[in-house]
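# Architecture and fold: a report
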Amino acid sequence: MLDNIEVLQVLEIVIAVFMVVLAFLAINSKSLIKAVMFLSALSMLSVIGFVVMQAPDVAVTEAVIGSGLVTSLFVFTLLATKKVGVK
Amino acid sequence: MSAILLIAVPLLAAFISILVKKVSPYLLLLVSLFALVYPFFMDMSDVIIGGFDSPIGINLVVNKFALTSLIAVNGLFFLVVAVNIAQYKKLSSILLVALAGLNGLLLTGDLFNLFVFIEISGIAAYLITTTNKKPLQTFNYLVAGTVGSSLYLLGLIILYNMSGTLNMADMATFVEGNGMYTLFPFLLMFIGLGVEAKLLPFNSWVKGILGHSNNLSGAMIASVYATAIALVFGKLLAGVFQIEGTLALIIALVLGITILAGEAMAYASTKAREILLYSSIAQAGIVILLFTVGLGAWATFFAIANGVSKFILFGVVNRLTEEVGSDEMDQLKGSFVNNKLIGVSFTVAALSILGLPLFFGFVVKMNSLIGFFEPDFVSNLPGGNFIFPIIILVASVIEGVYFVKLLTKLWYKDSDVKVNFTPLFKYVVVVLAVALIVFGLFQGEVEELVASLINPGGVFIWN
Amino acid sequence: MLQFAAIILLMLGLYGLLTQRNVIKIIISLNILEIGLNLFIISVGYFEGGLAPIFTSETPANPNFVDPLPQALVLTAIVIGVGTTALGLALARKIYQKYGTLNLDEMGEN
Amino acid sequence: MKNFLALLAALGLGVLIILSLQNNTLFNEYGEDVTGRDSEEYGDREYGEENPASGPANIVTSIVADFRSFDTLGEITVLFVSSLGVALLLGGTKQKRLDLGFHPNFMLRIGSKALFGIILMTGVYVTIHGHLTPGGGFPGGAMIASSMLLLYLADDTFRAKIKGFKILESVAGSLYVLIGIAGLFFADYFLENFLNNGVVGDLLSAGIIPLIYVLIGLKVGSEISGVIDNFLTEEVV
C-alpha cells in the first residue's frame, strides 16, 4: 500500500513530465489550433499542480480564467483571422 | 493630507469617466492639474494603506525624492495632456489610468506593488502607442514589456524566497547583509526594468514605437514615461540595492555601451525622429549610470532636465513630420525659418541636452561630472572615477556633432516649409524653454536645492 | 519536483518567444512563460505536509499552513496575464487586418 | 544560429535560477516553513475567534482583500484598462457578430440556456463565499462571464447590452475606491476595514471584505463579458 505522501509524489512526477511535454508540443506544433489546445491542456494540468501544492484559490482561478476564458479568446481570434478549417 | 489621493483620485475619475464620455477630457485635465498641485500640499510622512503597518501591509514612501519626482512627472504629464487632449479625446480614461500608474510607481514602498504599477502604466503605454496606427510595433512593445515585467517578478520571488519580505526598506536591510546571493535576482529585476528604460540590448521595441510616434505618444513615452522609469530605477538603485564590486562594474559597463551605442546610432541616422530616439536611449543610460555609481541627487535632476528637453524636441519634430509627411532631415530643411519662436525653443532644448553653459542641462551635466571627482565621493566601481566621466564626455561630443547637424538643417535659409503650431503648444514650448534657461542661470540656487536632497549621512533617498 | 517543471516551462517559454515567428505562437509562448512563473511562485511557498491556508471547523490548533502570500501574488499575476493576453490577441487581429498574415516573416516590415 | 542563441539564453536562465536557489532550502524540501517570513502574521487567528485583526477564514482572501487590498485595486485596474484597450482596438461604430462558422442546433441552444443559469449561480456563490472557501471575486466574476459566453455560443445573432456592462463596471470600480476613501474617513487609513470582523467562519463576517469581493466579482464579470463581446464582433466591411 502506498501512503498519501508517496501517491502525491508519483502524481507530481507524472504532472511535471506531462506539462513539459505539452509545453514543448504547444511551441512546436505546426497547427495553431492544436497549439492552443495544448496550451489549454497545459493550463489544466497546472491546476492539478496548484492543488497538489495546497493552493486551492489559485487552482480555481486558473481553471476558470487560464484554461477556460483565455482558450476561448484564442479560438475567437483564430476564427476571426480564418486560420482554422472549421466551416 | 494623505499621498494616497494622488493614486485614488485618478483611479476614481477613470472608473467614472467611461460613463460620462462627453466630459471625460475635462475630467482628465482637472485631475492631472490636481495631481500637479497636490504634492506641494502633501505631508512628508510615509502612508500606511489598510491600517496594517508595513511590512504586513503596503505603504507609500513620501520623501523629498518622491516629491521632486512627482512634481516633475505630473507637471510634464499635465503639459502633454493639455496640449494634445483635443485631438485624442478617446484616450481620456486610459490617460487617467496612466496617471494613477505613474504616481503609484513613484510612491509605492512595496516591491510587488511596484510590479502591479509597472503593469498598469505599461498597459496604458501600449494603448497610448496604438494611436501610432502601427499594430505590429505596438505588439512588439507589448511582448517586450510583458517579458520584462515577468523577469522582474521572477527576480522578486527569488528574493522573497531568501528574505521573506516584499517591503523595500526591509529588503534593503536584507540586501546589505547578503550582497552576494542577491546578485542574480537583482540582475533579473534590472533586466526587467531595463526593457522599459530602453537599455541595451533590451530596447529593440524603441525604434518601432518612437520612430512612428505622433504628438501624444512621442511626448508621453519619450518624456513622461522615460523620466518616471529613470526615477524608479533611482529609487531602487539608491534605496534598495546599493550594488558594488563586480556586479556594479558589469552593470556600469552595460550602461556605458548603451550610451555610446545610442549616440553612435543617432549620429548615423538621417531621420529627425530616429536621432531623437537614439539620443534618448543614450540619455537613459547616463541617468541610470549616475544612479548606479551613487550620484543620485544629480541623476534625479538629469532625468528631469532630459524629460523637459525631450518634451520640446519630440513635440516639435512630430508636429513637423505630421505636416511635411516625412521625418527625413532633408525634407524638414528650413522648417524653423518661418517659425522662429519654436525654432529658438527647439535650439535651447537641444543645446541644454548637449550641456552648453547658460542652460539647465549644463548645470546638471557639469555637477554630475564634478561629482565623480569630489574628494568624499567613494566610487563603488574599481577604476570608475575615470572611465565613466570620459564616456559621458565622449557621448557629449557625439551629441554635439549630430545636434549641430540637425539644427543647421532645420535653420537652413531658403525654405518653403510652412507649419502651423497651435498657440497653446507654442506657449508651452516657450515657457519650458525659458524654464531651461532660468534654471541654467540660477545655478547656485539649483545647487542648493539639490544639496538639500542629500542628507548629512550621504544617504540620498531613504528619508 | 514541480518546481523543476516550472523552471523548464520558464525556459521553454523564453525559447519560444525568441524563436517563434507567428504572432499567435508568440502569445502562446508568453502564456507558457507565465504558467511556469506562477507554478514557480507557488512552489516557493509550499513545503511538504503543509495545509491549505483556510480555517475550517476541522483545523487543528497551531495549524501548519503553507505560505499564503505567494498564492495571493499568483492570483494577481494570473489576472494581469489575462489582461495582457487579451490585449495581445486584439493586436493580433489588427495586425492580420493590416498585413493579411500572422507570420512576422511575411509582413515585409520589421 | 538564431535558434542556438535562443536555446543558450533559455538554458542560461534555467541554470542561473537553479544556482541562485542553492543557498536556501527550496531544493531540499520545497520552500521552508513560514517562520521568519512576513507572512507569519497573516494566519494569526483561530476558527471561531471573535473580531480578530483580519476576519476571513480563508487566509489568501484576507491577504488579497485586506492586508494587500491595494494590490487588488491595481489588479482590477489592469483588467479595466485592458478591456478598454480591447474595446478601443476592436470596437467601432459599424459592428456585426463574428461568423463562427456553425449554427447552434436545438440541443445546444436549450442546453446552453439551462447551463447559463447554473453557471451564473455558481459564479455568484463562489463570489459570496470567497472569504470562507477557495474562490472569490476573480474566479466568481470569470464564471459569470463564462455564462455570458454560453449565451453568445447558443445564439449566433446574440449581442449583449454593452451599455449595461459599462455601467456595472464603472459603478463597481468607483465603489471600490469610494470604500477605500471611506476607510480614510471612518477609520484612519485608505482601504481600512471599518466594520466589525465578526466570527471567523461565519458567512456574515470579515467586515468589508465580502463587500469588496462582490464588487470585484461584478467588475471582473462585466469587464470580461465586454472583452468577449468585442472578440465576437467584427467590423462590417
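Predicted model, so just to flag it, every value in this text is computed and none were measured.

### Describing helix H5 (residues 106-128) of chain D
Residues and elements named next belong to chain D. Across its 23 residues, H5 extends 34 Å between first and last C-alpha, which sits within 8% of the 33 Å expected from 1.5 Å per residue. Listed as buried for H5 are Ser112, Gly123, Val126 and Thr127. In this structure, the buried residues of H5 make contact with helix H6 (137-154) and helix H8 (209-231).

### Section: the domain arrangement of chain B
Residue and element names in this part refer to chain B. In terms of domain boundaries, chain B breaks down into domain 1 (8-242) and domain 2 (244-463). Residue-level contacts link 44 residues of domain 1 with 43 residues of domain 2. With both chains or domains summed, domain 1 and domain 2 bury close to 3700 Å², and 77% of this area falls on carbon and sulfur atoms. One can count zero salt bridges joining domain 1 with domain 2. At the junction of domain 1 with domain 2, the criterion picks out five residue pairs in polar contact (both at pLDDT 80 or more). Looking at the side of domain 1 that touches domain 2, the elements with two or more residues in it are helix H3 (64-84), helix H7 (168-177), helix H8 (183-196), helix H9 (204-210) and helix H10 (215-239).

### Brief notes about the interface of chain B and chain D
On the side of chain D, 48 residues touch chain B, which itself brings 52 residues to the contact. Carbon and sulfur atoms make up 73% of the surface buried where chain B meets chain D, a total of about 4400 Å² over both sides. When the buried area of chain B at its contact with chain D is split by residue, Phe15(B), Ile56(B) and Asn161(B) rank highest and sum to 17% of it. Our count for the contact surface shared by chain B and chain D stands at one salt bridge.

### Examining the pattern of salt bridges
Residues and elements named next belong to chain B. For the structure shown, the criterion picks out six salt bridges over all chains. As a salt-bridge pair, Glu322 and Arg319 come within 3.9 Å of each other at their nearest N and O atoms. Of this pair, Glu322 and Arg319 both sit in helix H13 (residues 296-324), three residues apart, which is roughly one turn of that helix. With a relative accessible area of 42%, Glu322 lands in the partly exposed category. Across the pair Lys365 and Glu399 runs a salt bridge, and its minimum N-O distance is 3.2 Å. Here Glu399 lies in helix H16 (residues 384-410) and Lys365 lies in helix H15 (residues 360-373), a separation of 34 residues in the sequence.

### Topic: the side chain of Thr129(B)
Turning to its location among the elements, Thr129(B) is positioned in helix H5 (residues 111-129). Beyond its immediate sequence surroundings of up to four residues, Thr129(B) is in contact with Thr138(B), Tyr141(B), Ile209(B), Ser217(B) and Ile221(B).

### Some thoughts on the interface of chain C and chain B
One frequent convention defines the size of an interface as the accessible area lost when the parts assemble. With 31 residues of chain C at the interface, the matching set in chain B holds 28 residues. Summing the contributions of chain C and of chain B, the shared interface buries around 2600 Å²; its carbon and sulfur component is 84%. On inspection of chain C and its partner chain B, the count reaches zero salt bridges. Summed over the shared surface of chain C and chain B, the result is two residue pairs in polar contact (both at pLDDT 80 or more). Of all the elements in the fold, those that place two or more residues in the side of chain C that touches chain B are helix H1 (2-19), helix H2 (23-45) and helix H3 (68-99) of chain C. Broken down by element, the side of chain C that touches chain B gets its largest block of residues, 14 residues, from H3(C). Residues of the side of chain C that touches chain B, tallied by class, amount to 22 nonpolar, four polar and five charged.

Scoring rules and cut-offs
- Residues numbered from 1 in each chain as written.
- Chains lettered and ligands numbered in written order.
- Predicted model: local features only at pLDDT ≥ 70, side-chain atom pairs only at ≥ 80, totals over all residues.
- Heavy atoms only, no water.
- Helix = DSSP H or I, 4+ residues; strand = E, 2+ residues; numbered from the N terminus.
- Expected span 1.5 Å × (residues − 1).
- Buried < 20%, exposed > 50% of the residue type's maximum accessible area, 1.4 Å probe, protein only.
- Contact = heavy atoms within 4.5 Å.
- Domains from an automatic or database assignment.
- Buried area = accessible area lost by both parts, 1.4 Å probe.
- Salt bridge = Lys/Arg side-chain N within 4 Å of Asp/Glu carboxyl O.
- Polar contact = N/O pair within 3.5 Å; in protein donor to acceptor, adjacent residues only side chain to side chain.
- Nonpolar A, V, L, I, M, F, W, Y, C, P; charged D, E, K, R; others polar.

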